[in-house]
Amino acid sequence: MRFLFWRGMLCLTTVLPVSYSFAQQKDTIRTRQLQEVEVVEQSRPAVNRASVPVQAISKEMIDRMGMQNLSEAVKRFSGVTVKDYGGIGGLKTVSIRSFGAQHTAVSYDGITISDAQSGQVDISRFSLDNVEEITLTIGQSDEIFQTARMYASVGVLAIKTNRPVFQDKPFHIRSKIGGGSFGLLTPSFQYDRKLTDHFSLTTRADWVSAKGEYPFTLINGQLVTKEKRKNSDVQSLRLESNLYGSLGGGEFNAKIYYYDSERGLPGSVTYYNDYAKERLWDNHFFSQAYYRKDWDVLSFQSSVRYNYSYSKYRNVDSMFPDGMQEDRNTQQEYYFSTGVHYRPLNGFSTSLTSDLSYTTLDNNFENKILPERLTSLTALAMQYQTSRLTLTGSLLATYMRDEVRSGDRPADKKRLSPALGVSWRPFSESSFRLRASFKDIFRVPTFTDLYYQRIGNTNLNPERALQYNLGLTWSGENSFFRYLSVSADVYYNKAEDKIVAVPTMYVWKMRNLGEVETIGLDFNLHLEKLLTSGMAVLFSSTYSYMKAVDVTDTGSKVYHHQIQYAPKHSGTTSVSLENPWVNLSYQVTAVGKRYSLPQNIKSNEITGYVEHNLSLNRSFPIGRANLRVQAELLNLTNKTYDIIRFYPMPGRSWRLSLVLIY
Amino acid sequence: MKKKEFLYLLLCFVLLGVSLTSCNDDDDSEIDDPVEVTRGAYVLSSGSWGYNNSVLDYYDLKTGEVNSGIFYATNDRKLGDTANDLLVYGSKLYIAVNVSNTIEVTDLNGKSIKQIQPENNGSSIAGPRYLTAEDGKVYVTLYDGYLAQIDTTTLEIEKKVEVGVGVEQVCESNDKLYVVISSNPTASTKVKEIDIKTFTVTKEIDAVINPCYIKADDAGYLYVISSGESPDYSNKLVRVNPTTGETVELLAKGKIAMTEMDDYLYIIASDVENWAPVNPQYLKYNMDTQQFETTQFVNSDVTVEQPMSLNVDPVSGDVYITSGTYTATGDVHIISKDGALVKTVALSGINPICTRFVTTEE
């Protein structure tokens, strides 16, 4: 079967390198909406009053639960699936409510990280060390004063880093040394400096090094063997510097970011053959600046950014003419966004934002296509807001044009994408809210989808995503609980014209094929109880039900079957005990059975799993400094499981870190 | 299987081993005995790349039942990743598993006798691709550039000859083996001839671009399918005279699959729309008269969606056409000699790539 071999080649050459390379994009940092203070709602994250599901994890919770990388945090959200290929260097992408990961926008300090080549973002490269808050919004956010790119996705995973606040001294130092199983070493250093009354600078460096060769149990019927995940080492360096300031009565900031990594790609486990020699090198650089100014009823903001991404993939195999294959890709992006926010009447506001980007891709292939992409996004949004009602509507206009050096040029893409959301508090004395929302959005075909050697197809249409959500939220406090919040949402999604790789006679080819309907329920519960002074119990739990079925062809053997890698049931629970001695946190993640291929038959089934983690931490004051010691035990029960089939996850492991803050 | 029946079958195979190893790896028996019957058909499914889900099913013609996944059922371990070819030779099955880099040797019930792991020198896989047999030896092409000879008693690879990276199908004709070298990783038009006795390459023929499949007829002509070139990979079927190197084009179509039985090539030739085969034509080519038959071997009222491979029952002349999409388990459609659909049998594997028959005397 030629195509099988070719698919092998394809996976070796395209999917992995493509998935790893990414570009960044710039967005607004925040919006300041005039929200009335409601007495019945506490000053918690405004997740309960949003017209769409919003979930947040704060720095406090990150520390409390001992989470060290972004995927661990995202796994605590309901309605998302983290596709985790295992290990420290393994690809990790976020899929919202059964949509492909290309539909999820990931923003870093308001900058949407984009990758025109693969369309998806590997979240394994982010550290949580300097993160202030992580927010996941499903559907169109109520914050209307954002870049247009923030409108162009099914949902946004927003990472916000902490901005320094100087009180007693004009600088801060934060240094960390961390380590753990499988040769993990994670040192980092951050220096914050107040420059003038108006400007401050932060600079940080992170290094991650891991040997990564973790053991796993390979079960092949009655043949059970102890194996090691070969070629899964990773080295990465991240440098970041931020300048914050005020300029001409407005807010200004700028960021420079550099990431450099080398890693082995262990590949999927193949019975009887453990050859793994693929390696990947990544370099990412971006630089961006943001400015915002507010007047009485008008605000203005603008951002500009340049991004450079380089990846080199190498596979050593004597079957290649030179004994190896090397793919080198360079992606560059220039991005500009500007917008205004106008509040003519009390409660009513409108915004207009326009984004322009120009992206290029170069590589070392023989027949260079050299695509160039010009994208224009314009978002018009309106909002009416009272203490009991929020009504938001938006319209996004997309125009995308590709130019190619050789081969066919795809047709220009033009679309109008509406979104609507309402949140209503029916009883004035209660924080109970009802919410409903709708969004019609799409993702454009990536450079890989359109142009990749042999498999690309320039006739592709965008993949459409329709989202409907109905939910209720309640939060509050009483004499028994310090804080209690509950939310439940039911939703219906439809994906049309899915862009998938289909094996053809000789090679795989990208096609628009497939429709998926999803009905689901997401439930979140969070409560805090004060035991005695200095002691508190915090409890969080999520549950997701997701029935995501193929509805492409009534006659096919997979009609109405649950789609690949979509668990019907999943949930998390965490309990933390805060006390003056050692803070303790225990987390459980449970995921039901999934299918690795479209047909719901036994041989495609991946069994469910429950993973237990334990975290302990304590802070010690040392003079004017503070030392924090944190230890985690992951996968306590040493459970053998896969998230992606034949990409085994690590068994029991530990991590330890010391953080000194001055 | 009853023991007596099995021994009889074994004897039958040993005695007629030579004729079983005709060039065509698709047909397995040319037993002329009029009381010969086909007991069953093995269908090999390659599965999806990276999923270790190759499957061997056995269709029992007497009971009409399918024994699903007989390799796993008898051995409690999986066949592995991307099985590519199956050979029934003597009392054994030989299964070439490409990505797992194994040649599984089993008895006729699928019970493992030996797992051969061909050595890969610096390549991810040696890549066992296609099998044939001749004179007590089994031959396997290894994608990293070799043709290997397996002794059927020791079940060891005893000889290897370098033929070129990207080697695909192999067939035997007049004490010579012929292999095709595909255009992967570099463009190729080569058919290579290997002398069985000296086990050396004795000739290279420029046949057609990207040759992937090869059969031979009694007169020694070779029939080669080209899988074409980028961007459309349109197929061609050519007849090659290995003595003169002369090449004649017989057919050009989007997608061509073939098998050989007696004097005929059975061909499925399809147009291609959206990179998928459509409007299949079921052609019979008489290799003796060098003419296509005027009638197709599948009646026009029979529809087979996404045909993948075809093989002919050596006794009944029924044609077994496997079909399937890459997403779901496949089927085998049994077509009678008069072109009617006898039965559609559901398989337990994805991408069914070949059917092999086992016969007995009654």
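Model, not experiment: these values are computed from the prediction.

S.K.: Can you walk me through the overall build of chain B in this structure?
M.R.: A count of helices and strands for chain B gives three helices and 28 strands. Computed over its C-alpha atoms, the radius of gyration of chain B comes to 19 Å, within 12% of the 21 Å expected for a compact globule of 362 residues. In terms of overall dimensions, chain B has a C-alpha envelope of 50 × 50 × 40 Å along the principal axes. In chain B, which comprises 362 residues, the proportion classed as buried is 62%. Long-range pairs, those at least 24 residues apart, make up 45% of the contacts in chain B with a sequence separation of at least 6.

S.K.: Help me understand the interface of chain B and chain A in this model?
M.R.: Often, the extent of an interface is quoted as the loss of accessible area upon association of its parts. At the interface, 64 residues of chain B touch 47 residues of chain A. Roughly 4,600 Å² of surface becomes buried between chain B and chain A when both sides are summed, with 60% attributable to carbon and sulfur atoms. Contact with chain A buries surface across chain B, with B:W49, B:Y51 and B:W275 losing the most and accounting together for 19% of the total. Where chain B meets chain A, there are one salt bridge.

S.K.: How should I be thinking about the confidence of the model for chain A in this particular structure?
M.R.: If pLDDT is low for a region, its predicted coordinates should not be looked at in detail. Per-chain confidence: chain A averages 90 in pLDDT, with 93% of residues scoring 70 or above. Across residues 1-45 of chain A the pLDDT falls below 50, and counting only partners more than four positions away or on other chains, this stretch makes 198 contacts in the model.

S.K.: What should I look at first to understand the nonpolar core in this one?
M.R.: One broad trend across soluble globular proteins is that nonpolar side chains are buried collectively. Formed by 48 residues in total, the largest nonpolar core has its most connected members in A:L70, A:V74, A:I134 and A:L157. At four residues, strand β6 (residues 131-138) of chain A tops the list of elements feeding residues into this core. Core analysis: the second largest hydrophobic core is formed by 28 residues, B:I194, B:I196, B:Y223 and B:Y285 among them.

S.K.: Is there a simple way to explain the sheet that holds strand β24 (residues 307-312) of chain B in this structure?
M.R.: Remark on secondary structure: sheet strands pair via backbone hydrogen bonds, oriented parallel or antiparallel. All names here are of chain B. The sheet built from four strands is open, its strands ordered β24-β25-β26-β27 with antiparallel pairing. With partners counted over all chains shown, the strands left at the sheet margins are β24 and β27 (341-350), one partner each. Mean inter-strand twist for the sheet, computed between neighbouring axes without regard to direction, equals 20°. Where β24 and strand β25 (residues 319-323) come together, five bridges link them in antiparallel fashion. Bridged to L310 within β25 is I321.

S.K.: Would you take a moment to explain the packing of aromatic side chains for this structure?
M.R.: What characterises a pair of aromatic rings is the spacing of the ring centres plus the angle enclosed by the ring planes. Residues and elements named next belong to chain A. By the definition in use, this model includes 28 aromatic pairs over all chains. Plain terms: the ring middles of Y257 and F286 are 4.9 Å apart, the flat faces sit at 15° to each other, and that makes the pair stacked. In this pair, Y257 is assigned in strand β15 (residues 250-265) and F286 in strand β16 (residues 278-294), connecting sequence segments 29 residues apart. The pair Y257 / F286 is uniform in exposure class, with both members buried. Their ring planes at 90° and their centres at 5.7 Å tell us that F365 and Y452 sit as a pair that is edge-to-face. Taken as a pair, F365 in the loop between β19 (348-363) and β20 (372-385) and Y452 in the loop between α4 (447-451) and β24 (463-476) lie far apart in primary sequence, 87 residues in all.

S.K.: Can you help me understand the sheet that holds strand β10 (residues 146-151) of chain B in this one?
M.R.: All names here are of chain B. In space, the four strands of this open sheet follow the order β8-β9-β10-β11, with antiparallel pairing throughout. Each of the sheet's edge strands pairs with one partner strand only, and the pair in question is β8 (128-134) and β11 (157-162). Between one strand and the next, the sheet's axes are offset by a mean angle of 20°, whatever the strand orientation. For β8 and strand β9 (residues 137-142), the ladder comprises five bridges, and the chain directions are antiparallel. Within the sheet, the bridge partner assigned to L131 lies in β9 and is V140.

S.K.: Looking at this structure, I do not really get a nonpolar patch on the surface. What am I missing?
M.R.: All names here are of chain A. A cluster of nonpolar side chains, contributed by W295, V297, L298, V340, Y342, L352, L380, M382, L395 and L416, occupies part of the molecular surface with about 880 Å² of accessible area. Counting residues per element, the ones that place at least two in the nonpolar patch are β18 (324-345) and β20. Here L380 is to be found in strand β20. Given a relative accessible area of 39%, L380 falls into the partly exposed group.

Here is what the cut-offs are and how they apply
- Residues numbered from 1 in each chain as written.
- Chains lettered and ligands numbered in written order.
- Predicted model: local features only at pLDDT ≥ 70, side-chain atom pairs only at ≥ 80, totals over all residues.
- Heavy atoms only, no water.
- Helix = DSSP H or I, 4+ residues; strand = E, 2+ residues; numbered from the N terminus.
- Rg over C-alpha atoms; globule rule 2.2 N^0.38 Å.
- Buried < 20%, exposed > 50% of the residue type's maximum accessible area, 1.4 Å probe, protein only.
- Contact = heavy atoms within 4.5 Å.
- Buried area = accessible area lost by both parts, 1.4 Å probe.
- Salt bridge = Lys/Arg side-chain N within 4 Å of Asp/Glu carboxyl O.
- pLDDT = per-residue confidence, 0-100.
- Core = buried A, V, L, I, M, F, W, Y, C linked by side-chain atoms within 4.5 Å.
- Pairing = 2+ DSSP bridges.
- Axes fitted to C-alpha atoms, helices over the stretch in contact; angles between N-to-C directions.
- Phe/Tyr/Trp six-rings, centres within 6.5 Å; stacked < 30°, edge-to-face > 60°.
- Patch = residues over 30% accessible without salt bridge, like charges linked within 9 Å, V, L, I, M, F, W, Y side chains within 5 Å.
- Areas by Shrake-Rupley, 256 points an atom, 1.4 Å probe, with all protein chains shown as cover.

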